[in-house]
Amino acid sequence: MLMIVLRRVPRLLFVVVAVTLLTFILLELTPGDPATLKAGLAGTPEVVEELREELGLNDHLLVRYKDWAVDALQGDFGESVVYEDVSVSSRIRSALPKTLETMILAELMAFAIAIPLAIRSAQKPGGWVDRWSSAGSFGLLALPSFVLGIYMIFIFGVKLDWFPTISSDLPGLFDDPAGNLRGYFLPSLTLALNLLAVYVRLLRTDLIETLQQDYVMLAQARGIGTRRIMWRHVLRPSSLNTLTAAGLNVGGLIGGAFIIEVMFSYQGMGRILIEAVFGNDYFMVAGIVAILSVGYVLVNFVVDILYSVLDPRIRTVDA
Amino acid sequence: MRKRLGLLFWVSAVYIGVLVFLALFRDLLPIRDPDALGIRTGDCRQFQDPGWNSYFGCDNLGRDLFSQVVHGVRPALFLGFTVTIVSGTVGTLLGVLAGFLRGVFDRVVTTIIDISLAFPALVLLIAVRASFGNGIVVFIVLFSVLGIPGYARIVRGASLSLSEREFVDAAAAMGATTWRIVRRELLPNVFLPVLSFAFIGFAVVILAEGGLAFIGLSLDQITWGKLINDGRVEIRDHPHLALIPSTVMFGTVLAFNLVGDGLRSLVAPREVATARRLIAEGSHQPGEEGAVVHVRNLRTVLHTPGGTVEPVDDVSFSVAPGESLGIVGESGSGKTMILRSIVGAFPLADVTRGGTVEVAGVDMLRSPDATIRRTLGTEIGTISQNPLTALNPVRRIGDQIIEPMLVHGTRSKQEARDRALELLEQVGIPAPEQRLREYPHQLSGGMRQRATIAIALANEPQLLLADEPTTALDVTVQDQILRLLDGLRADRGMALVLVTHDLAVVKGFTDSVAIVYAGQVVEYGPTAEIFANPQHRYTVALIRSMPNLDLPSHSELATIEGAPPSLIDPPTGCRFADRCPAVQQKCRDESPVRSGTDAHSYSCWFPMSAQPVEVS
């Protein structure tokens, strides 16, 4: 078990390093000079040159990357070159919880709806629940978050006026849970509906396959009730593919978060990244990309470990 | 069999055809100039609602939304098409090579896929766009690069499993070069999955453009994404501006997905399993006193998508406590289905059972669900053919043994645990304490079969159903398991039904035997009597095909020529007629009636005891 965890670490580190280094190279290619930006209107050539030196921009790309990485490991991602006296970490600290909350809510909503739907569909394939949920998930797969979000805003925000459509100044989760959750409801639901479609399809197929297994028929032959068979015997061995999808979807969720945060106007990771890229905010971009890629890699790492928790066979087999 | 693609597929295909037409001939169509300002020309008012003047309404400058949407078709399709071709081709090649060559090449490709999945594509898009502008070529290159990993991943998976298949091995063994194998064996086999994924990938490209437009990074021409993004601002007062292009985009993506899905259903047939319902026909006839299991005129019909199958046709037998019955037949003769029909556990299909199945006095076909479940759990123990699939791989052995006791409330948790230990000892599993906590994969095949026997015995059943309990095991283990079952039957006075294709097992371990052929019991009687005095020609053939140690070692082993008939459409007359050495015209015309005595019955027009017949 521990071996499986340890064996994956070098690969994970490699992916994180590659992604952040790639970001550095891309930033290098992007036109615009951070030092000129930081200097602003007072940017005489001398001041700019001084700033270049100070920011280390005159060093070789790899040297700069190394310096940045060493600082970043200690939690210091540098300063914004656009905003005066704003550290990258402080921006991330305020943005990350918002993005995380929407993503976690979205996953929870997606699973809360997908699991019962998939179970119902698998128990009666071709029944009306199955047919409607298949058709529905097919439709949802064709709805990108920016289209879905527009529908959501139009129906729940404008026509019905049930939920706020702008989530910029939301109370904290712990100060006013109801107000906070109400504000994040629409953005999370928008993300959730896309995930939902994937989960229902995968889980349904795997459930049906497991239901055909000998051990399920033997459980029936032992007089064990349908519900118990489904939840205790079938769900767990059927959940591996869905779990993988949940891990991979985090990438999609990050992409979705960009759109959702713009649409519902709140300052999450996606929105500040877009701002930073447009504003050529060098260290801001590097810091945000680093956090996002580490997050993605970590989630998939956890998925791998959950795998072996769910399926004991994986624990002993060399992965 | 040709599969139907369905109405939705063709509607989608036609819709895509219309889009292609619009993309090609947009400049020849009688529509307004999408950039003409209606408020200036007077053609269209600001924010005019959809109507006859302008089908989709007009925007804040009076531009006609319909012609804007039509003009957006070309960039969407062009982008989708070129990107799909480029990334599909490159991704497929990489995937095939990675899956086939493996080794270093595979590791490099999978690492690149990992990295690209972890990298926020948006950063790349923004950076490249900022450096190279917003021409369509920039977008094509970017989206193609981003699309490659998706194709590579799918194709790699498919090639990995393909390259383990026999035909690839065979080609390699015949000295085909790598390139030839890739081209002739692998590529044709991944073509259809890739094609179906390409339609979905096409849709993804259209969406990606929309997403980019959404954050203000689109092409230098009218696109759907741009229209949606511009309309979004007016969602409160003039919702048509955002809703119409969104819906067009949604419809397009849906159409591409539907076509892709239709193609996929050609490769991997959609499973058409229907709900599993158990239907009972006819009426119950209580059995004689003293029998644990009593089956009379049992008829089982499976309603599968491929047709109706009748694997059990008019089967009767009963077994008293402490006795054992062997059910013998070739594979596919329906002998397993007889056991399944007793316990009512089938794969997904509607099942109709008629006749009588009575276990411990309970009508197993028509009683209330709870009664049937209780009887199943406390009076019947089932052992299946393959111990490797009979245990749930993700649950501990202990939990699986304890479960029937807890579910049916026969013991408390502590008692159930103690009993589980006792059971494991009884079935001969060493170190039972430790085994309780282990998972099935940690046990050998023989040990697993012992564990399933322990589960079956948990609630001290009166009836033990064993479906070829030893076929999947080593020869040395087979005898141990059979002796164990036989000992348990004798000690506890259980009735044992033993399904097997092995007459030697029947001879050694059963009191009576039912010979099954094509879903029917063709001969039934005490084991000793059947072996000494077989009546049905099939029984005779079976006994002759037994290896006999008394014969000289070089004597030829008799085999039965031909194969049993299909159960989907069984022939009229005697089902064994085609393979019978003593067949007469009567056999083909009329089904034989059951004859002989109650103790020894057989269904044959010309049994062994009758006048010898001319063998033509």
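**Q** Can you break down the overall build of chain B residue by residue, with the values?
**A** Looking only at helices and strands, one finds 22 helices and 13 strands in chain B. Against the 2.2 N^0.38 benchmark of 25 Å for 616 residues, chain B shows a C-alpha radius of gyration of 35 Å, more extended than a compact globule. C-alpha extents for chain B along the principal axes are approximately 105 × 60 × 60 Å. The buried share among the 616 residues of chain B stands at 45%. Within chain B, contacts between residues separated by at least 24 positions form 68% of all contacts whose residues are at least 6 apart in sequence.

**Q** How would you sum up the overall build of chain A? Please name residues and give values.
**A** Helix and strand counts for chain A stand at 14 helices and 0 strands. Along chain A, from the amino end to the carboxyl end, the secondary structure elements read α-α-α-α-α-α-α-α-α-α-α-α-α-α. Along the longest, intermediate and shortest principal axes, the C-alpha atoms of chain A span 85 × 55 × 35 Å. Looking at chain A as a whole, 44% of its 319 residues are labelled buried. For chain A, restricting intrachain contacts to residue pairs at least 6 apart in sequence, the fraction spanning at least 24 positions comes to 70%.

**Q** An account of unusual backbone geometry is requested, with residue identities and associated values reported.
**A** Residues and elements named next belong to chain B. Phi is positive for Asp314, close to 60°, though the residue is something other than glycine. A count of 17 C-beta atoms within 10 Å places Asp314 in the partly exposed class. Even without being a glycine, Ala518 presents a positive backbone phi close to 50°. Note that Ala518 resides in the loop between strand 10 (512-517) and strand 11 (520-526).

**Q** Account for the sheet that holds strand 11 of chain B, naming residues and giving values.
**A** All names here are of chain B. With mixed pairing, the 8 strands of this open sheet are ordered in space as 7-8-9-4-10-11-13-12. Two strands in the sheet have a free side with no partner beyond their single neighbour: strand 7 (380-383) and strand 12 (594-596). Taking each pair of neighbouring strands and ignoring which way they run, the sheet shows an average axis angle of 20°. With 4 bridges connecting them, strand 4 (residues 324-328) and strand 10 associate as parallel partners. The residue of strand 10 that forms the bridge with Val328 is Ile515.

**Q** So what about the interface of chain B and chain A? Which residues, and what values?
**A** Opposite the 60 residues of chain B that make contact, chain A presents 63 residues. Put simply, the parts of the chain that give the side of chain B that touches chain A at least two residues each are helix 4 (103-118), helix 5 (121-132), helix 8 (178-214), helix 9 (224-232), helix 10 (240-267), helix 12 (369-379), helix 13 (387-390) and helix 14 (397-407) of chain B. When its residues are assigned to classes, the side of chain B that touches chain A shows 39 nonpolar, 14 polar and 7 charged.

**Q** Break down the nonpolar core for me, with residues and values.
**A** Of all hydrophobic cores here, the largest spans 235 residues; its most connected members are A:Val285, A:Ile288, B:Val293, B:Leu465, B:Val497 and B:Ile515. Leaving out residues up to four positions away in the same chain, B:Ile515 has contacts with B:Val328, B:Gly329, B:Val521, B:Val522, B:Glu523, B:His536, B:Tyr538, B:Thr539 and B:Leu542.

**Q** Account for the pairing of strand 4 of chain B, naming residues and giving values.
**A** All names here are of chain B. The element strand 4 is largely enclosed, with a buried count of 5 among its 5 residues. A two-sided burial pattern is seen for strand 4, the buried positions comprising Ser324, Gly326 and Val328 on one face and Leu325 and Ile327 on the other. Pairing geometry for strand 4 and strand 9 (residues 495-500), over 5 bridges, is parallel. Counted as the bridge partner of Leu325 is Val497 from strand 9.

**Q** I'd like a description of the confidence of the model for chain A, backed by residues and values.
**A** On average, residues of chain A score 80 in pLDDT, and 91% of them are at 70 or above. The element-level mean pLDDT for chain A is lowest in helix 14 (residues 312-316) of chain A, coming to 68, with helix 5 (residues 88-123) of chain A highest at 88.

**Q** A description of the environment of A:Tyr199 should follow, citing residues and the corresponding values.
**A** All names here are of chain A. Mapped onto the elements, Tyr199 comes out in helix 8 (residues 177-211). Taking the C-alpha atoms as reference, Tyr199 lies 16 Å from Ser188; in sequence the two are 11 residues apart. Setting aside chain neighbours within four positions, we find Tyr199 in contact with Ala110, Phe111, Ala114, Thr242 and Ala245.

**Q** Please provide a residue-by-residue account of the packing of helix 3 (residues 65-101) of chain B against helix 6 (residues 136-162) of chain B, values included.
**A** Residue and element names in this part refer to chain B. Closest axis-to-axis distance for the helix 3/helix 6 pair is 5 Å, and the angle between their directions is 35°. At the point where helix 3 passes helix 6, the crossing takes the right-handed sense. Here the residues of the contact of helix 3 with helix 6 are counted per class, giving 19 nonpolar, 11 polar and 2 charged.

**Q** Any chance you could break down the confidence of the model for chain B for me, citing the residues and the numbers?
**A** Counting all residues, the mean pLDDT for chain B is 82, and 93% of those residues have values of 70 or more. Listed scores for the predicted complex are pTM 0.79 and ipTM 0.75.

**Q** So, the packing of helix 5 of chain A against helix 12 (residues 269-278) of chain A: which residues are in play, and what are the values?
**A** The description of two helices packed together rests on the angle between their axes and the distance between the axes. Residues and elements named next belong to chain A. Interhelical geometry of helix 5 versus helix 12 gives an angle of 135° and a closest axis separation of 8 Å. In terms of their interaxial angle, helix 5 and helix 12 are classed as oblique. Two secondary-structure elements touch here, helix 5 through Arg91, Ala95, Leu96 and Thr99 and helix 12 through Met269, Gly270 and Ile272. Grouping the constituent residues of the contact of helix 5 with helix 12 by class yields 4 nonpolar, 2 polar and 1 charged.

**Q** Tell me what's going on with the environment of B:Leu421, and back it up with residues and numbers.
**A** Checked against the element boundaries, B:Leu421 lands in helix 15 (residues 413-426). With 12 residues separating them along the chain, B:Leu421 and B:Glu433 place their C-alpha atoms 6.6 Å apart.

**Q** Account for the pairing of strand 10 of chain B, with residues named and values stated.
**A** Residues and elements named next belong to chain B. The buried fraction of strand 10 is high, at 6 of 6 residues. Along strand 10, one buried face is formed by Ser512, Ala514 and Val516 and the opposite face, lined by Val513, Ile515 and Tyr517, is buried too. In terms of strand pairing, strand 10 meets strand 11 through 6 bridges, oriented antiparallel. The partner of Ala514 across the bridge, within strand 11, is Tyr524. Hairpin connection between strand 10 and strand 11: a loop of 2 residues separates the two successive antiparallel strands, and Ala518 in this loop has a positive phi of roughly 50°.

**Q** Give me the lowdown on helix 8 of chain A, citing residues and values where you can.
**A** Under the 1.5 Å per step criterion, the end-to-end length of helix 8 of chain A is only 41 Å for 35 residues, more than 12% shorter than the ideal 51 Å. In terms of burial, helix 8 of chain A is a largely internal element, 27 of the 35 residues being buried.

**Q** Hey, could you go over the environment of B:Thr336 for me, with residue numbers and the actual values?
**A** Residues and elements named next belong to chain B. Position of Thr336 relative to the elements: it lies in helix 11 (residues 335-343). Taking the number of C-beta atoms within 10 Å as the measure of exposure, Thr336 has 20 and is therefore buried. Taking the C-alpha atoms as reference points, Thr336 and Thr410, 74 residues apart in sequence, are found 29 Å from one another. Those residues in contact with Thr336 that sit more than four places away from it in its chain are Asp467 and Val499.

Analysis parameters
- Throughout this document, residue positions are counted from 1 along each chain, in the order its sequence is written.
- Lettering for chains starts from A, numbering for ligands starts from 1, and both go in the order in which the items are written.
- In keeping with the model being predicted, local features are shown solely for residues with a pLDDT of at least 70 and side-chain atom pairs are shown and tallied solely at 80 or more, while totals for entire chains, interfaces and linings include all residues.
- Only DSSP runs of H or I covering at least 4 residues are called helices, and only runs of E covering at least 2 are called strands; the numbering of each starts at the N terminus.
- Radius of gyration means the value over C-alpha atoms here, while the globule rule gives 2.2 Å times the residue count to the 0.38 power.
- The burial criterion counts other C-beta atoms lying within 10 Å of a residue's C-beta, which is placed from the backbone; the residue is buried at 20 or more, exposed at 12 or fewer, and partly exposed between these limits.
- Contact definition: two residues whose C-beta atoms, as placed from backbone geometry, lie within 7 Å.
- Any two strands between which DSSP finds at least two bridges are classified as paired.
- A fitted line through C-alpha atoms represents every axis, and for helices the fit uses only the stretch in contact; the resulting angles, taken between N-to-C directions, go from 0 to 180 degrees.
- Three classes are used: nonpolar for Ala, Val, Leu, Ile, Met, Phe, Trp, Tyr, Cys and Pro, charged for Asp, Glu, Lys and Arg, and polar for all others, with Gly counted as polar.
- By our criterion, buried Ala, Val, Leu, Ile, Met, Phe, Trp, Tyr and Cys residues that link up through C-beta atoms within 7 Å make up a nonpolar core.
- Known as pLDDT, the predictor's confidence for each residue is given on a scale from 0 to 100.
- Here is the rule for handedness: rotate from the far helix to the near one, and if that takes an anticlockwise turn smaller than a right angle the crossing is left-handed, while a clockwise turn gives right-handed.
- Angle categories: roughly parallel below 35 degrees, roughly antiparallel above 145, roughly perpendicular from 65 to 115, and oblique for all the rest.
- Expected helix span is given by 1.5 Å per residue-to-residue step, counting one fewer step than there are residues.

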